[in-house]
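Per-entry structural report
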Amino acid sequence: MRKYMLLPLFVALLVLLCVPALAQTYAFDDIYATVDLPSGTYDPVLTPSNLSGYEAFLTSQGTDAETAADDFAAQGILLKAYDTENDRIFVLTALETVDSQMYFDLNEQDEAMRREFRVSHKDGTAYSVLGYNYSSSAWKNYGGNVLRFLNTQYTLRQNGAEVCQGYQKRTIRNGYTITLDMQVYGRKATESDLKALDKIMSSFEFTQILPMPKLPAKLILSSSVPAELSEDTFTISGQTTRKAEVTVTALSLDSSDSVLFTDTANSEGEFSVKVTLPAQGVYTITIAAEGSETLRTQFAYTVNYQRGLLAVSFDSRPGNTLGAETLVSGTTLSNTDIQLVVSGPNGYTYNKSITGKAFKFNVDTSADGTYQFSLTLAKKSYNTRSFTFTATRSMTSTERTASVREDAASPSYDKLKKNLSSYEGDIVTFTGYIAEMSESKSVGEWTVVLGLTKLDSGYNDLIYVICPDDPGVSVGQKVRLYGTVSGEFPIVNENKSFPRCELIFFESAE
């Protein structure tokens, strides 16, 4: 009798072993899509709506919930899932881009348009400007309502250093550029990473497919329209929808007279329009493209034409706020002498004589404060031009913390004590234990005693840390101090003194 009772138990166990691991489904209303993540593989899984619940994790990544929310919105991140065991991150993004407006749904475009999108994932395109180098790109049709995604392998570099490698699956559908990205850090991307991405891709579905709208004509300029001219003629060229009619209108703001110039794009969508302005003055230049089956697309620019004008066009110049480095660059006439004087926390004078038309200055603006940039351009037979920009550098809390870590010295305790006056005003860092804490309400500050050496009966090698507020630490806790040396702290009744620091911040060292 007993052996017959074991049979149902064996069958039940076999069924349990055959049941696949549960997966978590995520739905995205904007793009009408869902995707599953394997249970137990990715932790944490961040979405725009749950960032506030992962504050500690975000802090460990050098950011916070507010900054991460801004990054998610700017990059179109719908989901970011961490597989820490394999040093990889899965990221799903959806962005309304120039491409998504032009294509809307790549499955509804012809082969030539899909080829154009695939070729855009090569060197010299917008993606390479972002630092991506694609070693492969090929279409794959996943069938059902998913259909075509471009499968790529890439390396991402920024500021000359490799950030990560990975695989992407990208399409344009429902008016969004949608990318499933498996990012690999600290090693080369392998076949196992591609399989992990394929596993997620197999669960991806669209819940609704939006009908194709009437799309605007594509209009991409291959060269910028000059803001200033010392000659009356220039050329506007670029790419548009095949066989589209391109019209350039130059409207004089002085006389309200206008002139028209036209071209019909060739079978590759290329156009070139030569524009000749009839007289000196300021013009509004309108560039419009319109096809038989596309909506009109147009751009407008202002051009100042003056004979003898030393024309200057800026590619990059200081805004109201500055980053750690500021680029001042642009174009002018060849053989121009240029001087840039920067006053502020970091003062510089740069002088250049350019033989070509391009100029570029990389300015260190890492220190907090207000900067003034004075740019002067001079060329024989032309009027000298001067430009002044004023902007402020204010580091974020994350940047400030990173700067303190980078600048902090780490002398031995004996060296600090022996040469205390030479360290006055310097940022230092030490690891130790909170030996004592006391609040002085009369002066509104806390005094924390940090012991660098833990003994059986207490602590040795003491530093007295002055804190403007409750430092948020507890006695016995192991911490890392970042502070500014501010002389000595005397213990009058013991006739002793110890190094004193003004607290910048504590961080846990446990």
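**A look at the sheet that holds strand β2 (residues 33–38)**
- Ordered in space as β1-β2-β10, the three strands form an open sheet in which the pairing is antiparallel. Looking at the sheet topology across the chains shown, the edges are occupied by β1 (23–28) and β10 (205–206).
- Sheet analysis places β2 next to β10, joined by two bridges and oriented antiparallel. When the bridges of β10 are listed, A33 appears paired with F206.

**Quick notes on the side chain of R385**
- Residue placement: R385 occurs in strand β26 (residues 385–393).
- For R385, a relative accessible area of 15% translates into the label buried.

**Examining the sheet that holds strand β21 (residues 325–331)**
- With antiparallel pairing, three strands are arranged side by side in an open sheet as β19-β21-β24. What marks the edges here is a single partner per strand, and that holds for β19 (313–316) and β24 (358–364). Taken pair by pair, the neighbouring strands of this sheet meet at an average axis angle of 20°, ignoring direction.
- As judged from the three bridges shared by β19 and β21, these two strands associate in the antiparallel manner. Paired with S316 across the bridge in β21 is S329.

**Looking at the pattern of salt bridges**
- Within this structure, the stated rule accounts for 13 salt bridges.
- With its nearest N and O atoms 3.6 Å apart, the salt bridge here joins R296 to E290.
- When the shortest N-O distance is used, the salt bridge between E507 and R405 registers 2.7 Å. In this pair, E507 sits in strand β31 (residues 496–508) while R405 sits in helix α8 (residues 397–407), placing the two residues 102 residues apart along the sequence.
- In this structure, a network of salt bridges that share partners links the residues D83, R88, R187 and D193.

**Re the environment of S438**
- Among the structural elements, S438 can be located in strand β27 (residues 427–440).
- Note on S438: relative accessible area 40%, which makes it partly exposed.
- A C-alpha to C-alpha distance of 6.6 Å links S438 and V448, two positions ten residues apart in sequence.
- With near-sequence residues (within four places) excluded, S438 lies in contact with E445, W446 and T447.

Rules behind the numbers
- Residues numbered from 1 in each chain as written.
- Predicted model: local features only at pLDDT ≥ 70, side-chain atom pairs only at ≥ 80, totals over all residues.
- Heavy atoms only, no water.
- Pairing = 2+ DSSP bridges.
- Helix = DSSP H or I, 4+ residues; strand = E, 2+ residues; numbered from the N terminus.
- Buried < 20%, exposed > 50% of the residue type's maximum accessible area, 1.4 Å probe, protein only.
- Axes fitted to C-alpha atoms, helices over the stretch in contact; angles between N-to-C directions.
- Salt bridge = Lys/Arg side-chain N within 4 Å of Asp/Glu carboxyl O.
- Contact = heavy atoms within 4.5 Å.

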